[in-house]
Amino acid sequence: MAYWPFWEMRVRSAVDQEIRSLIHKHGRITFAQFMQACLYSPHGGFYASTGTKISTHFGTSPTSHPVFGTLIARQLEQMWHLLGDPPVFHVIEVGSGDGALAQSIVQACWRMAPRLAQVLYYVAADYEPRWLPSPDHPFAWDNGTGDGMSSATASAEGRQLNGAPFPATAWAEGGQFNGPPSPSRRDALVGVQRVKTEGLRAFRNIVGCILCNELIDNFPVHRFAIQGGRVKEVFVTSAGGHLTEVLDEPSTPRIEERLTSLGLFPATASAEGRQLDGAPSLTEGYRGEVNLAMEDWTGQLAQALDRGFILTIDYGQLAADLYSHQNYQGTLVCYHRHVVSRDPYQHIGHQDITCQVDFTSLMRLGDRHGLATVGYTLQSKFLTNLGFASHLDALQTQGLSAARTALSRMAMMTLVDPDEYGDFKVLAQAKGHGLGIALLGFGGQDRLAPSSGG
């Protein structure tokens, strides 16, 4: 029998009780409501609890090796040039977690592109920031406060979490940054602002790049099943003291509308849907997920970004592959202490719940909001195009022991290994006129100014 510490049982019970209270009140809830509570409940949801150490449950590209951030920094430098070298270049990382990616990107900018570093304004935004000192990270946070928090820590409303109004931004009022960060401290934290926020509604006038790494796969999803030739929704209810599922008419017509627009359901297949090149593929008994939260999210991106790029890195597929027979029972998986399962009804509040991203719908939603797709590729190809091989070769010249060289090489290779993170997808979208579309990470020509490097 597994043993759980008392504090973990107590937190788990709080989230479980919240879900059961919702079911008692409404009779049943959508799976999206269930997933929202499990991941984001203030009563101990997986991503809302400051005590949750994400690395205990699963790994990510930024925590695998800092070269991931180094190569993204190179792409950001080109984006800055394509925008005309603006005097302030905003990078808004949404879902920044423990700050590992922010740290490696900013360090790489000071090391390789000091001109960009001097104008870089990096905002690390998260539902519950976790910038805690950790031996798992190859760096140590040290910004003078002793707790990993920048002195300019701000909420989405433009106020500091622990002090006076945040002077550099006026997000809620749609204000712009007052200027570049001070270049006096050329360390990993210069220009990084830690922001506690949910979404991007309070952000405006961004000129630069909105960066989303492994974010959208954690948006709450609606689950569906094809029963009797119709789309039914999966609801969560309680029976005999246990959480269980029931099928019924969808809570919103948007579920079937999404599937129909993709040409996956025979009701009224549109011309747009037929672009997937095939007959409707959802046969009797098929189960899957629809991410409706992407619709609001794309609207937030379009409103926040004045001119620049959106870089989305996540695991997922185009709709024709995502909703294929290979995923006959959907793509939802859970991670608890590095153990993978498909049961979301255990370890409530203490396991990650995630689904593959429908990149076809993400691109189409972007088009509707004026966000043009300018690149889509595998993470392995993206990193290779940005110079991954040269960094791998450089390991031999760094004077490391044979053992440390081998370990570093193994860590780097996970970023391009198709069985690890290499099969993740990278999507670039752009907003604004006159933007070049030949981005380096997607095979474009190197347009970086010769003097920009360090």
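Thresholds, definitions, all that
Residues numbered from 1 in each chain as written. Predicted model: local features only at pLDDT ≥ 70, side-chain atom pairs only at ≥ 80, totals over all residues. Heavy atoms only, no water. Helix = DSSP H or I, 4+ residues; strand = E, 2+ residues; numbered from the N terminus. Contact = heavy atoms within 4.5 Å. Areas by Shrake-Rupley, 256 points an atom, 1.4 Å probe, with all protein chains shown as cover. Pairing = 2+ DSSP bridges. Axes fitted to C-alpha atoms, helices over the stretch in contact; angles between N-to-C directions. Salt bridge = Lys/Arg side-chain N within 4 Å of Asp/Glu carboxyl O. Buried < 20%, exposed > 50% of the residue type's maximum accessible area, 1.4 Å probe, protein only. Core = buried A, V, L, I, M, F, W, Y, C linked by side-chain atoms within 4.5 Å. Polar contact = N/O pair within 3.5 Å; in protein donor to acceptor, adjacent residues only side chain to side chain. Lys, Arg positive; Asp, Glu negative; His and termini not counted. pLDDT = per-residue confidence, 0-100. Phe/Tyr/Trp six-rings, centres within 6.5 Å; stacked < 30°, edge-to-face > 60°. Lys NZ or Arg CZ within 6 Å of the ring centre and 35° of its normal.

Asker: Honestly, the overall build of the protein chain in this entry has me stumped. Any pointers?
Answerer: A count of helices and strands for the protein chain gives 13 helices and 18 strands. Taking all contacts inside the protein chain whose residues are at least 6 apart in sequence as the whole, residues at least 24 apart take part in 76%. Accessible area of the protein chain: about 19400 Å², with a carbon and sulfur share of 53%.

Asker: Would you explain the sheet that holds strand β14 (residues 339-341) in this entry?
Answerer: By way of backbone hydrogen bonds, the strands of a sheet pair with one another, either parallel or antiparallel. The strand order across the open sheet built from three strands is β14-β13-β15, with neighbouring strands paired in antiparallel fashion. Taken across any chain shown, the strands that pair with only one partner, and hence form the sheet edges, are β14 and β15 (352-354). Neighbour to neighbour, the strand axes of the sheet diverge by 25° on average, direction disregarded. One ladder, built from three bridges, connects strand β13 (residues 333-336) with β15; its direction is antiparallel. Bridge pairing in β15 places Val333 opposite Thr354.

Asker: Quick question: what am I supposed to make of the pattern of salt bridges here?
Answerer: Side-chain pairing between opposite charges can occur once the charged atoms of the two side chains come close. Under the definition given, this model contains eleven salt bridges. We note a salt bridge from Asp85 to Arg115, for which the minimum N-O separation is 3.2 Å. In this pair, Asp85 is assigned in the loop between α4 (67-82) and β2 (89-94) and Arg115 in helix α6 (residues 114-119), connecting sequence segments 30 residues apart. With a shortest N-O distance of 3.1 Å, Glu295 and Arg258 are connected by a salt bridge. Taken together, the residues Glu295 in helix α8 (residues 293-304) and Arg258 in helix α7 (residues 254-261) connect sequence positions 37 residues apart. Residue Glu295 is classed as partly exposed on the basis of its relative accessible area of 25%. Exposure remark for Arg258: the relative accessible area of 6% places this residue in the buried category. A network of salt bridges, in which partner residues are shared, links Arg223, Glu245 and Arg287.

Asker: Explain the nonpolar core to me, please; I cannot follow it from the model alone.
Answerer: Side chains of nonpolar character tend, in soluble globular proteins, to be buried together. Membership of the largest hydrophobic core comes to 53 residues, with the highest contact counts inside it found for Ile72, Phe89, Ile105, Tyr122, Phe309 and Leu311. Residue contributions to this core peak at nine residues, all from α4. Dropping the residues within four chain positions of it, Ile72 is found in contact with Leu101, Ile105, Leu211, Leu311, Ile313 and Phe382. Within the second largest apolar cluster, 29 residues are counted, among which are Ile210, Trp297, Met363 and Leu427.

Asker: Just to check I follow, could you spell out the side chain of Lys425 for this structure?
Answerer: Inspection of the secondary structure puts Lys425 in strand β18 (residues 425-431). The exposure class assigned to Lys425 is buried, which follows from its relative accessible area of 10%. Within polar-contact distance, the side chain of Lys425 engages the backbone oxygen of Asp423 at 3.0 Å. Those residues in contact with Lys425 that sit more than four places away from it in its chain are Thr312, Ile313, Asp314, Gly316, Gln317, Phe359, Tyr376, Thr377 and Leu378.

Asker: When you look at the side chain of Asp314 in this model, what are you seeing that I'm missing?
Answerer: Relative to the assigned elements, Asp314 resides in strand β11 (residues 305-314). Lys425 provides the closest opposite charge to the buried, unpaired Asp314, separated from it by 9.9 Å. A polar atom in the side chain of Asp314 sits 3.0 Å from the backbone nitrogen of Ile216.

Asker: Teacher, can you tell me more about the confidence of the model for the protein chain here?
Answerer: Should pLDDT be low for a region, the predicted coordinates there are not to be read in detail. Residues of the protein chain with pLDDT of at least 70 account for 76%, and the chain-wide mean is 81. A low-confidence stretch, residues 134-187 (pLDDT under 50), is modelled with 110 contacts involving residues beyond four sequence positions or located in other chains. Within the model, pLDDT remains below 50 along residues 447-454, and this stretch shows 27 contacts once partners closer than five positions in the same chain are excluded.

Asker: Is there a simple way to explain the pairing of strand β10 (residues 287-290) in this structure?
Answerer: Consecutive residues of a regular strand have side chains that alternate between opposite faces of the sheet. By the alternation rule, side chains of β10 split into Arg287 and Glu289 and Gly288 and Val290, which are all buried. Bridge analysis of strand β7 (residues 222-227) against β10 gives four bridges, and the strand direction is antiparallel. What sits directly across from His222, in β10, is Val290.

Asker: Can you walk me through the environment of Arg342 in this structure?
Answerer: Secondary-structure assignment places Arg342 in the loop between β14 and β15. For the pair Arg342 and Leu332, spaced ten residues apart in sequence, the C-alpha to C-alpha distance is 6.4 Å. Those residues in contact with Arg342, other than ones at most four positions away along the chain, are Gln329, Gly330, Thr331, Leu332 and Val333. Polar side-chain contacts of Arg342 include one of 3.1 Å to the backbone oxygen of Gln329. At 3.0 Å, the side chain of Arg342 forms a polar contact with the backbone oxygen of Gly330.

Asker: Where do I start with the pairing of strand β5 (residues 192-196) in this structure?
Answerer: Of all five residues making up β5, four are buried, and the element is well covered by its neighbours. Inspection of the sheet shows strand β3 (residues 120-126) paired to β5 by five bridges, in the parallel sense. Bridge assignment links Ala125 to a residue of β5, and that residue is Val195.

Asker: How should I be thinking about the packing of aromatic side chains in this particular structure?
Answerer: Remark: the centre distance and the inter-plane angle together describe each pair of aromatic rings, the angle taken between the planes. Enumeration over the complete set of coordinates arrives at 14 aromatic pairs. With a centroid separation of 5.0 Å and 50° between ring planes, the pair formed by Phe34 and Tyr345 is classed as tilted. One end of the pair, Phe34, is in helix α2 (residues 31-40); the other, Tyr345, is in the loop between β14 and β15, and 311 residues separate them in sequence. Aromatic side chains Tyr40 and Tyr127 sit 5.3 Å apart centroid to centroid with 70° between the ring planes, which places their arrangement in the edge-to-face category. In this pair, Tyr40 sits in helix α2 while Tyr127 sits in the loop between β3 and β4 (154-155), placing the two residues 87 residues apart along the sequence. Judged by relative accessible area, which is 14%, Tyr40 ranks as buried. Given the relative accessible area of 24%, Tyr127 is considered partly exposed. Members of the aromatic cluster, each reached through a chain of ring pairs, are Tyr40, Phe46, Tyr47 and Tyr127. Lying over the aromatic face of Phe235, Arg28 brings its terminal NZ or CZ to 4.1 Å of the ring centre.

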